[in-house]
Amino acid sequence: CGFHLRGTDPASALPFTTVRIDGEGLAARNLRDYLGTYKSVKLVKSGNAETVIRVLGEQYSKDVFSVNTSGRVSEYRLTYRLQFATDHKSKNVLERGEVELYRNLSWNDNAILSKEAEEATLVRDMQRDVVQLVLRRAGAVVKKAQSNAP
Amino acid sequence: EQGDREKPMNIQADNCNYEQKAQRSVCTHNVVVTQGTMTIYADRLVITQDADGNQFAHGEGKPVRFKQRLDKSTDWLEAESQRFNYDGKKGFLQLFDKAWVRKSQDVVHGDHITYDLNTELYQAKSKPGGRVNITIVPKKKEAKAAP
Amino acid sequence: NPGEKPEPPTFIQSDEASAREGEFAEARGNVVVTREKLKVEGDWAHYTIQDDRLRAGDKVTMNKDGDVLTGTKLDMLVEPRKGDLLDPTFQMAKGAARGDAVKLLFEGPDRYAIKQGRMTTCAPGNNDWYLHSSTLDLDYNANRGQAWNGWVEFKGTPIFYYPWLDFSLDHSRKSGFLAPSLGMNSKNGLQVQTPYYLNLAPNYDATIYPRYMSRRGMMVGGEFRYLDLDYTGVFRAEGIQDRIDDKSRTSVLFQHAQKINPNLGLSLNIQKVSDNNYFSDFGERLSVSSQSNLPREGTLTYSQETWNGFMRWQRYQTLSTLTNPVDKPYDRMPQFYFTGQPQIKPWLATNISGELTDFNHPDKISGLRSWAYPSMALPYNESWGFITPKVGVHATSYNLHQTNAANANYTRTLPIASLDSGLFFERELKIGNGNFLQTFEPRAYYVYIPYRKQSNLPIFDSGETDLSFTQLFSENQYSGQDRINDANQVTLAVTSRLFESDNGIERLNVTVGQRLYFANQRVTLTTTENTESPSRSDWLLTVGARFWKDLSANYGMQYNQADSSLRRSDLTMTWRPGDYRTLNLRYSINRISDTRSADISGQWPMGNGWYALGRYNYSIKDSRALETLGGVEYNAGCWALRLAAQRYVTSVTDTTTSFFALLQLGGIAGIGSNPLDTIRQSIPGYSNTYAPPRF
């Protein structure tokens, strides 16, 4: 059916050998942790790298998603957004990419401490999921820049 | 200045002739009239005099130029027009067609300007479609009275 | 004074003129007087040079920098711009303010005082509203307008009188009245709110919002906000002598966030209300009125590359009412938490987290709990997949205060081992004329945690978590630390994603998965343990799709194989094709919480300035509308009208119905936060149809 392991053919591996992640926050750290243990790419802590992914900002919002018949919140929708830019060979190839993720959290006013703990795990999980999506986006625009370059 | 009109008037020109019958003299080409601080340059000038000795003149030029020193200040009055009438009796100077009068930096343009030499008041009118233009430049304020 | 700019010359043009040098000039017939950018035209003009005074008459038009004033008689000192104009009309370029009056006084450059006049910001020819005033002061240097005792006329009828009104002329952050709003509410009766904004300084401001309620009386509220380089905060207080309950009711909120230094942060979040029904009575917004626990916490956070942690004092005011009983949560006074990733070896991911908390509760067992959870993982990441073995030890100790006996001490120590592994398969795909990349990502996650007796331990912060892929791929199904499930289980899941090849944007993701239990799970939240538990979890399916930039859909399903029943099914769709156009649809069935509801909301332009908006959140199981909102907005360019009616549930038997009317006169009242923010809360993607006109 045409599926092959990613990376076995050069086209689909990450198109850079050295990478640097700029920016603070848990998402930036997750990107660094993942790439740090990624065999075929060298993570550069500081100094220049072939590709730089700059985390511009992350936002988290918690909105009432549904209410029960006694007018109490029964569900929140947790939205996490991350904006990042990508430079390749010190030329900007992606000015402002955004990744958005959702999680629904059922709510129970009687167990607020445990629900807050669950909320924290959901947010941390989104900050891990965002790593693959950011690398996918960065990889695609770098590949495109390489194919356009002479 | 005020006293100019009592001063003798002399006229120079390339040629002047006196018409006894009409009691007037007509001068043409490079006519220069001087009377006290007032000087008039014109191409053609007609001078008449009434029984009381008041002089009247009218003339043309391309343009007629008129200059006179003002009483109260060191500034000069200058004027130009295509034609002019001078009435010594009433002390009126009338300038016609593309006329303008300038005193220090204030200028009045118009088709027909009447300048009262006694009151230094001038009236400017424009032909239909024409316009009168006045420019007033405020004087440097002399030291104002100390507050 | 030396270096004074030479005064500009004055030019007078007319059909006729008479002048005396140095004294005056009088012109008649189509007079045009100009000085720099000022131009005055009239039938006649008289200019006296000494005092720089210009009089003009019968039909005067004055023009400067786009401001156009007309009148019957002008008498003005030109340079100082002092004087008056009779029977004036005015049209200001800046702020589009125009109008007419009995008299206009020039009070210096760009300052006008307009007597017995009326003003509007509508374009000429559109006389929809006028602000009448006995005195209207327009100061275009300070960009501030003030009006004294007059009335607002809307479409010919006076709608409200005012003693004094001030507003900004260039819509910058200027002190002034915000748009007043009128409303009707089934609990509070007629409501009139006239917020006043005070721009105290570039980095702090305040808003006072008196709010009159016909059935309860006058509530006065105030909000003070401050913002600085490394701290920001808001203080809000409201109070009313409530006629119905005949007592004073207040609410206070104080939030402060500060970065003490790059690593240390402080945050305070203190909220308090005088009684439990405060929000359901006064909360205008559903999200506010449905709040049951108000936090009172102070947190000191420390964060740095390797170590993070916080020290927190946290209590809650619980708004428990007869119709809505709510359990009071434990106070955590204090709570100390830390987590760190010390790097011993680059290929070894070590992590240690721990917490020490003093839990207190008036009628539940209280005590000290401390836990630590060091762990090591060996993440092996390749482009084709990953393998991550992880081992750790979770140790917890309790020091519980017994009312009658000595303190009871319990400890619990258990190893936790997990193996996470996954593969990434890909293939190119051509759909239509787009190149896509489809992935196929199988993942297996095994967890082993031995059984430990925990039914004698208190429940401080543990609870049931929703079945989600986050939970399926975590070690402990219970949130918090009081219960750690015994586990010998594996989670199997497959994810397939569709990416656009040239930009890597994910267009579709589908994940399906389930957890298989190799042993019986005995640990529960209650004191009785499970004797036998299911051998497999429910199936879980999630779908996320973003077809085009403006149409996205999410679907989540939880299916129980044993009794082949649908536990949860949740579909949400959002369509945002453009400005002011949004449509949200949601249908959800949840057998666990026994709810079934449909929720539709949207905003749509109806053409020539009209916008409709609405929300209908209907609980099919209880056949009862949880929230209904309908509204129309009309944007006429120089004014906007918003009408909204909302009904939402405040308890099993009780609902609150409220109507809002908000007339925003362009330029007159700044657009501040107003009760209609409820629309923004209720309709995701709602965009304000009347942003203040840009000058």
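Residues numbered from 1 in each chain as written. Chains lettered and ligands numbered in written order. Predicted model: local features only at pLDDT ≥ 70, side-chain atom pairs only at ≥ 80, totals over all residues. Heavy atoms only, no water.

Asker: Where do I start with the interface of chain B and chain C in this structure?
Answerer: A common way to express how large an interface is: the accessible area buried when the components associate. At the junction of the two partners, chain B supplies 22 residues and chain C supplies 24 residues. Here chain B packs against chain C, burying approximately 1900 Å² in sum over the two surfaces, 50% of which is carbon and sulfur. Of all residues in chain B, Arg-131, Ile-134 and Ile-136 of chain B give up the largest surface area on contact with chain C, accounting jointly for 36% of the area buried on that side. Joining chain B to chain C, the criterion identifies one salt bridge. Arg-131 of chain B is paired through a salt bridge with Asp-15 of chain C; the nearest N and O atoms lie 2.6 Å apart. Our enumeration of links across chain B and chain C arrives at twelve residue pairs in polar contact (both at pLDDT 80 or more). Of all elements in the fold, only strand 9 (121-125) and strand 10 (132-136) of chain B reach the threshold of two or more residues within the side of chain B that touches chain C. One ladder, built from five bridges, connects strand 9 of chain B with strand 2 (residues 16-20) of chain C; its direction is antiparallel. (Contact = heavy atoms within 4.5 Å. Buried area = accessible area lost by both parts, 1.4 Å probe. Salt bridge = Lys/Arg side-chain N within 4 Å of Asp/Glu carboxyl O. Polar contact = N/O pair within 3.5 Å; in protein donor to acceptor, adjacent residues only side chain to side chain. Helix = DSSP H or I, 4+ residues; strand = E, 2+ residues; numbered from the N terminus. Pairing = 2+ DSSP bridges.)

Asker: How should I be thinking about the interface of chain C and chain A in this particular structure?
Answerer: Facing the 72 residues of chain C at the interface are 51 residues of chain A. Across the chain C to chain A interface the summed buried area is about 5000 Å²; carbon plus sulfur atoms make up 52%. There are six salt bridges connecting chain C and chain A. Our count for the chain C to chain A interface comes out at 21 residue pairs in polar contact (both at pLDDT 80 or more).

Asker: Got a minute to help me understand the state of the cysteines in this structure?
Answerer: Each disulfide consists of a covalent bond between the sulfur atoms of two cysteine residues. All names here are of chain B. Throughout the structure, instances matching the rule amount to two disulfides over all chains. With a sulfur-sulfur separation of 1.8 Å, Cys-16 is cross-linked through a disulfide to Cys-27. Between Cys-16 and Cys-27 the disulfide shows an S-S torsion of about 110 degrees. By sign, it is right-handed. Linking Cys-16 in strand 2 (residues 15-19) with Cys-27 in strand 3 (residues 24-35), this pair joins segments that are eleven residues apart in sequence. (Disulfide = S-S within 2.5 Å.)

Asker: What is the right way to look at the pairing of strand 6 (residues 67-77) of chain C in this model?
Answerer: The side chains of a regular strand alternate, first on one face of the sheet and then on the other. Residue and element names in this part refer to chain C. Here ten bridges tie strand 5 (residues 53-64) to strand 6, and the two strands are oriented antiparallel to one another. When the bridges of strand 6 are listed, Thr-61 appears paired with Thr-70. If you look at the hairpin formed by strand 5 and strand 6, you'll find two residues sitting between the two strands, and Asp-65 has a positive phi there, around 45 degrees. Where strand 6 and strand 8 (residues 89-91) come together, three bridges link them in antiparallel fashion. Of the residues in strand 8, the one forming a bridge with Leu-69 is Phe-90. In terms of strand pairing, strand 6 meets strand 7 (residues 82-86) through five bridges, oriented antiparallel.

Asker: Which parts of the structure should I look at to understand the packing of helix 1 (residues 26-36) of chain A against helix 2 (residues 112-148) of chain A?
Answerer: The relative placement of two packed helices comes down to the angle between their axes together with the axis-to-axis distance. Residues and elements named next belong to chain A. In the contact formed by helix 1 and helix 2, the axes pass within 9 Å of each other and the chain directions differ by 60 degrees. Overall, the two elements helix 1 and helix 2 adopt an arrangement that is oblique. With respect to the hand of their crossing, helix 1 and helix 2 are arranged in right-handed fashion. Residues Leu-26, Ala-27, Asn-30, Leu-31, Tyr-34 and Leu-35 of helix 1 form the contact with helix 2, whose participating residues are Arg-124, Gln-127, Arg-128, Val-130, Val-131, Gln-132, Val-134 and Leu-135. (Axes fitted to C-alpha atoms, helices over the stretch in contact; angles between N-to-C directions. Parallel < 35°, antiparallel > 145°, perpendicular 65-115°, else oblique. Left-handed = near helix turned anticlockwise from the far one by under 90°.)

Asker: Which parts of the structure should I look at to understand the sheet that holds strand 2 (residues 18-22) of chain A?
Answerer: The strands that make up a sheet pair up through hydrogen bonds in the backbone, lying either parallel or antiparallel. All names here are of chain A. In space, the five strands of this open sheet follow the order 3-2-4-5-6, with mixed pairing throughout. Edge strands, defined here as strands with exactly one partner in the open sheet, are strand 3 (42-43) and strand 6 (91-106). By the bridge criterion, four bridges tie strand 2 to strand 4 (residues 51-67) in an arrangement that is parallel. Bridge pairing in strand 4 places Asp-22 opposite Arg-54. Helix-sheet contacts for helix 1 involve strand 2, strand 3, strand 4 and strand 5 (73-88), and the interaxial angle to strand 2 is about 160 degrees. Running over the sheet, helix 2 touches strand 4, strand 5 and strand 6 and is turned about 150 degrees from strand 6.

Asker: What is the right way to read the nonpolar core from this model?
Answerer: Ranked by internal contacts, the top residues of the largest apolar core, which has 78 residues, are Leu-74 and Leu-138 of chain C. Top element by residues in this core is strand 4 (residues 38-49) of chain B. It accounts for five residues. Excluding anything up to four places from it in sequence, Leu-74 of chain C contacts Val-40, Leu-54, Arg-55, Ala-56, Val-60, Met-62, Asp-84, Leu-85 and Phe-106 of chain C. Formed by 49 residues, the second largest nonpolar core is a distinct cluster that contains Val-131, Val-134 and Leu-135 of chain A together with Phe-499 of chain C. (Core = buried A, V, L, I, M, F, W, Y, C linked by side-chain atoms within 4.5 Å. Buried < 20%, exposed > 50% of the residue type's maximum accessible area, 1.4 Å probe, protein only.)

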